[in-house]
Each structure stands twice: as structure tokens, then as C-alpha cells.
Protein chains: 2
Amino acid sequence: MTAPTRRERLRTATLSEIKDGARRLLVTGGIEAVSLRAIARDMGMTAPAIYRYFPSLEALVAGLAGDLYDELRQEVEAARDGSGPDPAGQLLEMCRALRRWAVGHPAEFTLIFGNPVPGVIEFADQCDNPDHPGARLGAVFLTPFVELTRGSRLPTPPAELLQERLGGHLAPLATSHGPLPIEIAYTFLSAWTRLYGLVAMEVFGHLGWAVDEPEALFETELISQLLQFRPAEPGDALPEGGARH
Amino acid sequence: MTAPTRRERLRTATLSEIKDGARRLLVTGGIEAVSLRAIARDMGMTAPAIYRYFPSLEALVAGLAGDLYDELRQEVEAARDGSGPDPAGQLLEMCRALRRWAVGHPAEFTLIFGNPVPGVIEFADQCDNPDHPGARLGAVFLTPFVELTRGSRLPTPPAELLQERLGGHLAPLATSHGPLPIEIAYTFLSAWTRLYGLVAMEVFGHLGWAVDEPEALFETELISQLLQFRPAEPGDALPEGGARH
DNA sequence: TTGACATAGTAAACGGCGTTCACTCAAATG
DNA sequence: CATTTGAGTGAACGCCGTTTACTATGTCAA
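> In this structure, what is going on with the overall build of chain A? I would like to understand it.
When helices and strands are tallied, chain A shows eleven helices and zero strands. The helix and strand sequence of chain A, counted from the amino end, reads α-α-α-α-α-α-α-α-α-α-α. Out of the 245 residues in chain A, the part that is buried amounts to 51%. A fraction of 69% describes how many contacts in chain A between residues 6 or more apart in sequence connect residues 24 or more apart.

> What should I look at first to understand the packing of aromatic side chains in this one?
The geometry of an aromatic ring pair comes down to the distance between the two centres and the angle between the two planes. Residue and element names in this part refer to chain A. Scanning all chains against the criterion turns up 14 aromatic pairs over all chains. Relative to Phe 188, the ring of Phe 145 has its centre 5.2 Å away and its plane inclined at 65°; by these criteria the two rings are edge-to-face. One end of the pair, Phe 145, is in helix 7 (residues 133–149); the other, Phe 188, is in helix 10 (residues 182–203), and 43 residues separate them in sequence. Both residues of the pair, Phe 145 and Phe 188, count as buried.

> What exactly am I supposed to notice about the protein's contact with DNA strand C here?
By nearness alone, 22 residues border DNA strand C, and Leu 36, Arg 37 and Tyr 51 of chain A together with Thr 46 and Arg 52 of chain B come closest of all. Per the 4 Å cut-off to the protein, sugar and phosphate atoms form 58% of the nearby atoms of DNA strand C. Interatomic distance of 3.1 Å between a side-chain N/O atom of Arg 41 of chain A and a phosphate oxygen of DNA strand C. Within the backbone of Leu 57 of chain A, a nitrogen or oxygen atom sits 2.9 Å from a phosphate oxygen of DNA strand C. Tallying contributions element by element places helix 2 (residues 36–43) of chain A first for the surface near DNA strand C, with three residues. Residues that form the surface near DNA strand C fall into these classes: nine nonpolar, five polar and eight charged.

> I would appreciate a short explanation of the packing of helix 1 (residues 6–29) of chain B against helix 2 (residues 36–43) of chain B in the present structure.
Packed helix pairs are characterised by how far apart their axes lie and by the angle those axes make with each other. Residues and elements named next belong to chain B. Packing of helix 1 against helix 2 brings their axes to within 9 Å, and their N-to-C directions diverge by 115°. Where helix 1 crosses over helix 2, the handedness of that crossing is right-handed. Side by side, helix 1 and helix 2 meet where Thr 14, Glu 17, Ile 18, Gly 21, Ala 22, Arg 24 and Leu 25 of the first sit next to Ala 38, Ile 39, Asp 42 and Met 43 of the second. Classifying every residue of the contact of helix 1 with helix 2 by side-chain character gives six nonpolar, two polar and three charged.

> Would you mind going over the interface of chain A and chain B with me for this structure?
Interface size is commonly expressed as the accessible surface area that is lost when the partners come together. Taken together, the contacts link 56 residues of chain A with 56 residues of chain B. Summed over both partners, the interface of chain A with chain B comes to about 4900 Å²; 65% of that surface belongs to carbon and sulfur atoms. Three residues, Asn 115, Arg 165 and Trp 209 of chain A, lead the burial of chain A against chain B; their summed loss comes to 16% of the area buried on that side. Where chain A touches chain B, the interface holds two salt bridges. Summed over the shared surface of chain A and chain B, the result is 21 residue pairs in polar contact (both at pLDDT 80 or more). Those elements that place two or more of their residues in the side of chain A that touches chain B are helix 5 (106–113), helix 6 (118–125), helix 8 (159–166), helix 9 (171–177), helix 10 and helix 11 (214–227) of chain A. Per element, the largest residue contribution to the side of chain A that touches chain B is twelve residues, and it comes from helix 10 of chain A. When grouped by side-chain class, the residues that make up the side of chain A that touches chain B number 32 nonpolar, 15 polar and nine charged.

Parameters at a glance
- Residues numbered from 1 in each chain as written.
- Chains lettered and ligands numbered in written order.
- Predicted model: local features only at pLDDT ≥ 70, side-chain atom pairs only at ≥ 80, totals over all residues.
- Heavy atoms only, no water.
- Helix = DSSP H or I, 4+ residues; strand = E, 2+ residues; numbered from the N terminus.
- Buried < 20%, exposed > 50% of the residue type's maximum accessible area, 1.4 Å probe, protein only.
- Contact = heavy atoms within 4.5 Å.
- Phe/Tyr/Trp six-rings, centres within 6.5 Å; stacked < 30°, edge-to-face > 60°.
- Near = heavy atom within 4 Å.
- Polar contact = N/O pair within 3.5 Å; in protein donor to acceptor, adjacent residues only side chain to side chain.
- Nonpolar A, V, L, I, M, F, W, Y, C, P; charged D, E, K, R; others polar.
- Axes fitted to C-alpha atoms, helices over the stretch in contact; angles between N-to-C directions.
- Left-handed = near helix turned anticlockwise from the far one by under 90°.
- Buried area = accessible area lost by both parts, 1.4 Å probe.
- Salt bridge = Lys/Arg side-chain N within 4 Å of Asp/Glu carboxyl O.

Spelled out as C-alpha cells, the structure:
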């Protein structure tokens, strides 16, 4: 690996300038504002030049989506590392970090967690690959979740009902994250869809008819969901929301 | 109210032909395939003619979204009316009807429940109006839900915690659907976001990493959620999923 | 019946978009 | 120094929403 030549330096600089421009357009005008011509215009270039770096606008958007997944994951990991060793507290802060990122970056959240945009479709289609950015984000949540459920009574339907209804359909989860007891797998999926539903409804503006401060509902849901995990240990205080802003 | 004149008949026919064309384009190519020029082309017209019926493409899309809300609501109402008087059974079939419609009409579901598309934004912004199609859909679920909770023990956090966290932020819900006890309001919102999260993740392709048959997870969630409502009445059999297809 | 008016449609144009193609010019390579 | 590679340009094609001016045609009152 020798030192990068001049052309290589210029190329990577231009590449990140393209990505930055795309991100800026995404933030200010939503996904439909991201156009090759606008990116190039902001850079003082012409649109066809971008084809030296991306084969199409869709590919550019797909690359952007991958970066956003990683950014969100790092945010969530930082929240986990910034709280104590208690998995419940870790999950609490991780969920808050996810919501905070989503609310603070609605266009970015929409791109990776909303309707599949043309460029992101194939990207999302292969998300049962463990190396897929989306799968890696899920894994960050799964680890403390499994630890939390260890020794807790899970508020699930009876195991035989789970096995009968769900037993044969969890192969993708096992492929991407390893085998899990069915109660834990179901509880995780349930919690994940609840988290998604709440955050997505807020970001997409589908909660305005119900609450004027979605964060209150979010916090209540978090508490409610965590409360269900330790019904047999009354002496165990629930982590009270730490530093907020 | 006299008989419609010839021009009026022609006008309403053209109007519904425009809407049908927009719907067809939405189904076959997603929202970005809906263009005035394509609609007009399919009708053997030119694009500017559509401006005699809609002030812009966005308005046309907003009108389409309103129709879709009503269509989904009628579907859900039919499911309710087709099941017995038991509110739990009604809700079960209504949730199934919602998912069935969403999975069967992914582009339509995406339009009204996904990221706000430009034309649908202002449309969604005023959904705390009780006459808004979205609010009317919610009301259809709320009625049997309230009946179900009557006399059931709700699996919520303590009422004082709810009041403290959520009490001051439910004004929009009270405006659009009338005042509710806070436990019922919270439980309804929680159930609604769970339903939304599950269906949206399936339709948007965000569950592929976990399950190969999202309906199994959906049914499990429904059962699990309904089970929580009647923990004190063991003699009461749970409705077993009726006709499916 | 005739004339005035409202309505529905057209064609042309403007600016924006993704993408392709032929071309130029500078950097890297031998 | 000659050659090849790569980055970038300009023109073009066919889409798109929208506006404008204009033409028929249905409607309705005088």
C-alpha cells in the first residue's frame, strides 16, 4: 500500500464532496431534492461528471443510505457505551438515541426506514446478510436485549403457542443473528416493531391527531415496555431518564 | 337538485377517469410513476387539460390519498360488520383487514401511511380534524376498543405515572375523538403504534431480515396483545382466526 | 334563433430532470 | 517524449410540471 497518488487524493476528495452535497440536499429538501444536476451545480461541475463516481443516481442514493445506517449505528453504540453496564439502562439510552437521531434527522431516517426509494430497494432486499448495515444495527440492540432477558420472566404468550405460530418462520433471523430461544426472538421482534412504529409515526407526522408532544408518549412506552421485564424483582429500581436535552 | 346537464356528466366521468388512471399508475409504478403527462397520455389527452380538474399534481395526489383512506376505512368497517358483536373479535378482524389491505395494496398503503409525499403533507398536517379521513379511520378502531376495555384490566403502567408523563399532551386526541380515560387513551395509542409498526415494516420490506412469513408474526402479535386484555377471565375463549385466504 | 359567455381542450414554450455520447485536456505511465 | 488513462465538458434525447395563448363547443339568456 503505497502513498496515494495525486489523482487518487483528488478522486476521494471529489467523492466525499459529492456525498456531502447529496446529504445536504437530502436534509434541506427531502429525497426528491437530491438530483445529479443540483449536486453538480453546488460543486461547480456538470452532471455527467458524477457518472465517473456513481453509475446512476440510484446507486448514489443507495451509498448514502449505507452511510446513514452506519452513522445511526454509531450513535446508538455511543449511547450504549455512555451508560452503565445494566442492559436495561443501556437499551433505554439506545432507544432514546435512536429516536433522537430520527427526530433530528427526519429526512435521513425516512430514507433508510421509510418507503423503499428506487435506489434503496435492492439495498433493503439483501438485508438478511449479517454484514448488511441494517442487520448490524439490529445486532447492536439484540446483544443487550438478550442479556436483559436472561433470568427475566418474559411477558409472552405460552411457548407452545409461539412455537406453533412462529416456529417455522424465523429462519432469516437465525441466519443473520444466530439461533435464539423462541420467546426471546419473539419478544425482540415485538419490541423492535413497537420502537419502529412509534418513531416512524412521529417522524412521518402520523401522530399529530393524538399527541402534541410525541416524546411523552415515547418515554411512556419505553417505561411501560421495560416494566414488563422484571415483574418478580420489586427491589430493582427502574433507571430514571438521565441527561436529556 | 335538478338532473345533471350533459357537461356535468362529462365532467364527472373525466374526473373519475383521471383518478382511475392515477390509481393505476400508482399501483403499477409507485408514486413516482404518477405524472400528469402519463395520466393524460393514457386518456388520449394532453397534460394541461388536467388542470381543468386539479390545480396541480400535488392536489391530485392528495385527493387520491383521501379516497384511499375512505376505501381502507370501508374495508375495515366491512370486517367489523362481518364478525360478531364481541369487540375483541371485531378488533381482531379489523386488524386483519387492515393488514390484508396494506399487503394487497402496498403502493396505496405507502402513499397514505409512509413518508409524507409533497402533496400529502398539508393533507396529513390537518388530521386532527375529526372529519379528516385519517381521523375517521382511527375512530372506527377506537369504538370497539373502548368497549373492549370496559371492564377489562388494562396492562398499563400505574395511572399516576401515565398522568404525570402523558397527562398534558393528549389534547389533540381529545379534540379529534373526545375525552378518554388516560389508561384507555394510552393503551389505544400503544396498540395503534404496534399495529402500524408491524404492518409498515412488512410492507416497506423491513422485516425480511427476521421472518420469512410476516403474517405469522402479525397473528402472534394480535393474539399476544388481545391476551393481555382479559387476564382475569380464564373461562373466556379467545376467538380463533376465522376464514382466511 | 342568435349572440354572449363559460368550459374543456389543444399546441407551444420554459425550465428542470437522468442519462448518453462525442470530445478535450491533464495526469500518469512506459 | 509518446501513449494511455481518467476527469470533466457540451450537446442532445426524452421525460417531467406548469403557464400561456388560443380554439372549439356546450349553455343559456335576450
